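# Per-entry structural report
Given next are the chains, with one letter for each unit.
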Amino acid sequence: MSATLPSIRFHLRAMQMRGVCSYLSELKYHYSSAASSATLKRKAVRNTSITPPHSYFDISSLHPNIEINNYVGVRRFSTDRQNNNESYLPHGVNRQSDFFGEAITFVNDIDESLITSIDKSMQIPCSNQNTAAQHDIAKAVESFDGMALCIVSRGASNLHTGNDGDGPDAKAMHSSAMTWSELLRCASVWNDGNGQSTSPMLAVAAVAPLLAQGGKDYVHRIDKLLSATQSPTPGTPPSLWKIANHAASFRDAFVSGTNDDVATPLLTPRERFHLHALSMLIQNNHRCAMGAYLRLLELYPGDLLGLSLALDVAYSLGDGEAASAAATNVSTYWSERDGGTLRLHPAQSGQTLASSLVAVGLSSSSALSRAATAETLVEMAISRDPDGAGGTSVWALSNILGSEGRSSEMVSRLAGFDGTQLYQNCGFLNFHTRMAGYGGIALLDRRGAASERSALRLYDGFAYLLDYSGNNAMGINNGGEEVVLRDMRVPRSVVRDAVGSIFSGWFGNDDSKEKENDPSLQNQDTAQRKGQKPRTLEDTLCWLPPSPILLTQATSLLFRLTLVDGVSQSDHRWVDLKAAWKYSLEMENEANAQKPFEFMPMALLASSLLLDPETLHHEQIPLQLEIAMQGLNKMGKLLKLGQSQDRTSTTASEWNEVMRDLAQARDSCQRWEMPDGMESTTYLPTRSGDHNSKSNPKYPIGWDFDVRQFLEHGLCYAAVQVGDYESLCLARAICSEGTTLRQNCPELWWRYSVVLDMLGDEVAAENARAASVSLGSGEGGSTN
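Here goes a summary of the coordinates provided. What you see is a predicted model; the values in this text were computed from it and never measured.

### Side note on the overall build of the protein
Of the regular secondary structure elements, the protein holds 31 helices and 7 strands. Counting over 784 residues, the protein shows a buried share of 59%. In the protein, of all internal contacts separated by at least 6 residues, the share reaching a separation of at least 24 is 71%. Accessible surface, the protein as shown: approximately 30,500 Å² in total, 49% of it carbon and sulfur.

What follows is the structure, encoded as structure tokens:
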């Protein structure tokens, strides 16, 4: 066995004894010890006496007589089995296997005449000149392994421990940022836009999650911040956009071997599917990218990175059926690799993470049969590997428990101390903040004592990110995220305005006006900023600007808080949130045919509460989504969200328009209206003359749990504001549906009692209130 890497037996025992998270530190050490060797070779030795208890296991152990050589000419990767003879690969093309046993291709110092069909129009030349010594394959594989685990676990499994000086949330983001920056440096060396060097999977891991969740305008936004960072090597800082385009240009590349008459694909089929999906994400064509991922998972069900990216894209599209399809494509494959029915075989590498990801896909829809199956997978994953699979398991649980109205359990899992430990370390792309937002919604559904205060505390996690990234109203007025980038934190002027104005009367004189009137003091402040050292990649990737997904979930929680009077309509949080949405919209690239978050229906829906729907999209959108956006926009105007002036009186007819729009968007078929109410002599279907093919009511807007926060709660609130019999009957029908499908939710029964009271059904209303109280309404303490 090679002396450069330790035996597989050592790895197996490490995994058996400590699990994946403890194993990661060992993994980094052994990779670093191998980096000095020019020969990379692994030999799989099956040790029948060691059977990891459903933890991580090297794929090669399933094949006792196979020697896996990381050399050109050997193709024995996990699911990449096309039985192709790779002796045609010329010098300069290398294949390695990653942590999960999947193939990674490295192309360097190859004769340009041997490669054809490269889409050179996508390559953007870079001024950096990378040397041969910088193309370190061992270091690149190490960084890819760390990043792949980070992506799949949402940051829970990291090779690094972040700085906790700013609290556990910042520590989680920092640890993911360090892993990400290591990969980004390697990806920029291998995909620099110059020559024929490339390693496409490095680019996929570095950029695809960002494109899936934020779109191409968000990537340009991050690149703008990265351009101001300090590069550790001579040259310009890495560019995510250039890296992604360079890698995608090789998606259909062919290479000629010793026989000039034979040209074969340069990359493996799995890598080509990843790159085709990446090229679609670059164009904000998430639906086409989703198709590529589904096809990828049909052919390579062992690709955990592909499954994770597919779920991200499905969430952005709001397509629960696509997420379920991705999960079911691979579910049996992974259950078979859980040791088999009799547990006679060792579990495959990543099986626990796969179970939790499959559960996320199954839980995307409110179908109770899927939720039961998903919950079984989640409980198994948490019991086996709570540190590695905890974050994705909680994501699945939020949908599972929410679909059944089990709000008390949901509070325990997402807002209680024990539950938050599962996702507290998941800082990749602020995943832990998103889960805390779900915890806030669970608190409101639980309707316990001081639930509004506890939910508001969890919302302030979003406000914290807006503040520190310079995306709140005050930060944007003082220069925005670029000023924050220089100052490492919020600008000094922001700190002075926010804090000094409160305490200056107590602890000292307020010199803000003096500095505003004294140019010399202003110049001194600017000089101090310029004198600071530039930020590093880790700094920028730690304090990312809010993505459309993050703003959407912040809006849904704050909207729910507003409807229950947890915050006022003129609260500064609404002002900050509106400023963040508007700032994201203004970051649009002028050459784009789409608005920044037009690809994400839920972002369009959430932002329409605060912004004019006509400014949110260029292309025609489905009628169902358009009507929902119009209804929420009218509701935002009636509530005067984010406006400082006092609310003026509103009329029932104005709320009736809101109710009709939201009801039509929610219905699964054309809704019939009574123009003159109960006395109307004519009944008409709404927009009966509109037969646009895009008006299909089945067009997905979002996953059920997320859509419900806007349409169901907004519709019931509007119906109560109208207050006539027809409107209250609609609210009663909605509550009836909820209490049937989610009968354990105290908030639903309480809302139902309010509607029944207004309808005059006092006995039924009292029974509904009793049901709410029996489920815990008004009881319990704060989670603070």
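### Looking at helix H15 (residues 431-446)
Counted at 1.5 Å a residue, the expected span for H15 with its 16 residues is 22 Å, and the 23 Å between its end C-alpha atoms agrees. Along H15, 16 of the 16 residues are buried, which leaves the element largely enclosed by surrounding structure. Immediately beyond the C-terminal end of H15, within one or two residues, lies Arg447, with a positive phi of roughly 55 degrees.

### Considerations on the pairing of strand S2 (residues 103-107)
For S2, the buried fraction is high: 5 of the 5 residues fall into the buried class. Of the two faces of S2, the one holding Ala103, Thr105 and Val107 and the one holding Ile104 and Phe106 are both buried throughout. Bridge analysis of strand S1 (residues 93-97) against S2 gives 5 bridges, and the strand direction is antiparallel. By the bridge assignment, Val93 is partnered in S2 with Val107.

### Some details on the environment of Met635
Structurally, Met635 is set in helix H26 (residues 623-639). Separated by 22 residues in the primary sequence, Met635 and Glu657 have C-alpha atoms spaced 9.1 Å apart. Beyond its immediate chain neighbours, meaning those up to four positions away, Met635 contacts Phe559, Leu563, Trp655, Val658, Gly714 and Tyr717.

### Description of helix H6 (residues 269-282)
Its 14 residues give H6 an end-to-end C-alpha distance of 20 Å, which sits within 8% of 20 Å, the value for a rise of 1.5 Å per residue. Counting buried positions along H6 gives 10 out of 14 residues, so the element sits mostly inside the fold. Looking only at H6, the buried set comprises Arg270, Glu271, His274, Leu275, Ala277, Leu278, Ser279, Met280, Leu281 and Ile282. The elements touched by buried residues of H6 are S1, S2, helix H4 (200-226), helix H5 (240-248), helix H7 (286-299) and helix H8 (304-317). In the segment just after H6, Asn284 is the residue with positive phi, at about 60 degrees.

### Thoughts on unusual backbone geometry
A positive phi angle is found at Leu429, which is not glycine, with a value near 55 degrees. Structurally, Leu429 can be placed in the loop between helix H14 (417-423) and H15. The backbone phi angle of Ala450 is positive, close to 60 degrees, even though this residue is not glycine. Among the secondary structure elements, Ala450 is positioned in the loop between H15 and helix H16 (451-468). The exposure class assigned to Ala450 is partly exposed, which follows from its relative accessible area of 31%.

### Quick notes on the sheet that holds strand S5 (residues 263-265)
One open sheet holds the 3 strands; their spatial order is S3-S4-S5, and the pairing between them is antiparallel. Taken across any chain shown, the strands that pair with only one partner, and hence form the sheet edges, are strand S3 (115-116) and S5. As paired elements, strand S4 (residues 254-256) and S5 share 3 bridges and run antiparallel to each other. If you follow Phe254 over to S5, its bridge partner there is Pro265.

### Regarding the state of the cysteines
For the structure shown, the criterion picks out 0 disulfides. A disulfide-free cysteine, Cys150 has its sulfur positioned 9.1 Å from the sulfur of Cys426, the nearest such atom. Assessed through its relative accessible area of 0%, Cys150 is described here as buried.

### Regarding the packing of helix H30 (residues 746-759) against helix H31 (residues 762-774)
Between H30 and H31, the least distance of the axes is 8 Å, while the angle of their chain directions is 165 degrees. When the interaxial angle is binned, H30 and H31 end up roughly antiparallel. Remark: the crossing between H30 and H31 carries left-handed chirality. For the pair H30 and H31, the contacting residues are Pro746, Trp749, Trp750, Tyr752, Ser753, Leu756 and Asp757 in the first and Glu762, Ala764, Ala765, Ala768, Arg769, Ala771 and Ser772 in the second.

### Observations regarding the packing of H16 against helix H23 (residues 548-563)
Between H16 and H23, whose axes approach to 10 Å, the crossing angle comes to 150 degrees. Taken together, H16 and H23 sit at an angle that is classed as roughly antiparallel. Crossing hand, H16 versus H23: left-handed. Residue-level contacts link Glu452, Ala455, Leu456, Tyr459, Phe462, Leu465 and Leu466 of H16 to Leu550, Leu551, Gln553, Ala554, Leu557, Leu558 and Leu561 of H23. Here the contact of H16 with H23 is built from residues that sort into 12 nonpolar, 1 polar and 1 charged.

### Section: the pairing of S1
The buried fraction of S1 is high, at 4 of 5 residues. Between S1 and S2, which pair antiparallel in sequence order, lie 5 residues; one of them, Gly101, sits at a positive phi of approximately 85 degrees.

### A word on the pattern of salt bridges
Under the definition given, this model contains 24 salt bridges. Arg406 is the salt-bridge partner of Glu404, the closest N and O atoms lying 2.7 Å from each other. For Arg406, a relative accessible area of 13% corresponds to the buried category. The salt bridge partner of Lys634 is Asp661, with a shortest N-O separation of 2.9 Å. In this pair, Lys634 sits in helix H26 while Asp661 sits in helix H27 (residues 652-666), placing the two residues 27 residues apart along the sequence. When its relative accessible area of 11% is taken as the criterion, Asp661 is described as buried. Overlapping salt bridges bring together Glu375, Glu404, Arg406 and Glu409 as one network.

The rules behind each value
- Residues numbered from 1 in each chain as written.
- Predicted model: local features only at pLDDT ≥ 70, side-chain atom pairs only at ≥ 80, totals over all residues.
- Heavy atoms only, no water.
- Helix = DSSP H or I, 4+ residues; strand = E, 2+ residues; numbered from the N terminus.
- Buried < 20%, exposed > 50% of the residue type's maximum accessible area, 1.4 Å probe, protein only.
- Contact = heavy atoms within 4.5 Å.
- Areas by Shrake-Rupley, 256 points an atom, 1.4 Å probe, with all protein chains shown as cover.
- Expected span 1.5 Å × (residues − 1).
- Pairing = 2+ DSSP bridges.
- Disulfide = S-S within 2.5 Å.
- Axes fitted to C-alpha atoms, helices over the stretch in contact; angles between N-to-C directions.
- Parallel < 35°, antiparallel > 145°, perpendicular 65-115°, else oblique.
- Left-handed = near helix turned anticlockwise from the far one by under 90°.
- Nonpolar A, V, L, I, M, F, W, Y, C, P; charged D, E, K, R; others polar.
- Salt bridge = Lys/Arg side-chain N within 4 Å of Asp/Glu carboxyl O.

Just geometry here; none of it tells us what the structure is for.
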